[in-house]
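Notes for the structure review
Okay, here's what each chain looks like letter by letter:
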Amino acid sequence: MSVDIVMGFDFGTKHIGVAIGQKLTCTVQPLIVLQSQFGVPNWKHIKDIYNTWKPMTLVVGLPLKIDGSEQPITILAKIFATQLKEQFPVTVEMHDERFSTSEARLNYFEFYHDNLCVKTNIKINAIAAGVILKSWLNKF
């Protein structure tokens, strides 16, 4: 049985969170936060991560306002998703990310921060990418 690896992105103009997951177990793991310059990522880093994990699907968070309307960052996230489609021969999907950063902060403080025996340097953006990816996986 093959395992469908999926990769999630929490796009931002300064940071891009990356998480990895799989459809079979519906589990996710925050990976890393990449730096970006005005929304332009270091494509070599993204290619290296892609080549390491070889995901079948890429999921990019769609940053919408609470009422569901678009905002300036929405357009930049869509451009990022289009660039991913051009770079990699896999399916790229966008997924509503409303409240993902809030949930990521809650997850961080409940688990990573409050659990004194866990030492980690995982950043909020990577956790948010995991929240986005987990929400996308829950559709199946």
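Structure's up top.
A short tour of the structure in this document, coming up.

1. Thoughts on the pattern of salt bridges
For the coordinates displayed, the defined rule picks out three salt bridges. Ionic pairing is found between Glu70 and Lys78, a salt bridge with its closest N-O pair at 2.3 Å. Put simply, Lys139 and Glu93 hold a salt bridge, and the shortest N to O gap is 3.7 Å. With Lys139 in the segment after helix H4 (124-137) and Glu93 in strand E6 (residues 91-96), this residue pair connects regions lying 46 residues apart in the sequence. Since its relative accessible area comes to 28%, Glu93 is described here as partly exposed.

2. Structural notes on the packing of aromatic side chains
Here the structure, examined in full by the defined rule, presents five aromatic pairs. Seen from their ring centres, Trp136 and Phe140 are 4.9 Å apart, and the 70° between their planes marks the pair as edge-to-face. Judged by its relative accessible area of 61%, Phe140 falls in the exposed class. Each residue in the set Phe9, Phe11, Trp43 and Phe80 is aromatic and connected to the rest through ring pairs, giving one cluster. The positively charged end of Lys23 is found above the aromatic ring belonging to Phe140, 4.6 Å away from the centroid.

3. So, the environment of Asp96
Note on placement: Asp96 falls in strand E6. Using a relative accessible area of 32% as the deciding quantity, one classes Asp96 as partly exposed. Between the C-alpha atoms of Asp96 and Gly68, which are 28 residues apart in sequence, the distance is 8.9 Å.

4. Overview of the pairing of E6
Of the pairings in the sheet, the one linking strand E5 (residues 57-62) to E6 comprises six bridges and is parallel in character. For Val60, the partnering residue across the bridge sits in E6 and is Met94.

5. A word on the nonpolar core
It is characteristic of soluble globular proteins that their nonpolar side chains tend to be buried jointly. Formed by 21 residues in total, the largest nonpolar core has its most connected members in Phe9, Ile46, Leu58, Phe80, Leu84 and Phe88. Those elements that provide at least two residues to this core are strand E1 (5-10), strand E2 (15-22), helix H1 (43-53), E5 and helix H2 (72-87). When near neighbours in sequence (up to four residues on either side) are disregarded, Leu84 contacts Phe9, Trp43, Ile46, Leu58, Val60 and Val92. Among the nonpolar cores identified, the runner-up in size contains nine residues, and Ala19, Cys26, Ala129 and Leu133 belong to it.

Reading guide: rules and limits
Residues numbered from 1 in each chain as written. Predicted model: local features only at pLDDT ≥ 70, side-chain atom pairs only at ≥ 80, totals over all residues. Heavy atoms only, no water. Salt bridge = Lys/Arg side-chain N within 4 Å of Asp/Glu carboxyl O. Helix = DSSP H or I, 4+ residues; strand = E, 2+ residues; numbered from the N terminus. Buried < 20%, exposed > 50% of the residue type's maximum accessible area, 1.4 Å probe, protein only. Phe/Tyr/Trp six-rings, centres within 6.5 Å; stacked < 30°, edge-to-face > 60°. Lys NZ or Arg CZ within 6 Å of the ring centre and 35° of its normal. Pairing = 2+ DSSP bridges. Core = buried A, V, L, I, M, F, W, Y, C linked by side-chain atoms within 4.5 Å. Contact = heavy atoms within 4.5 Å.

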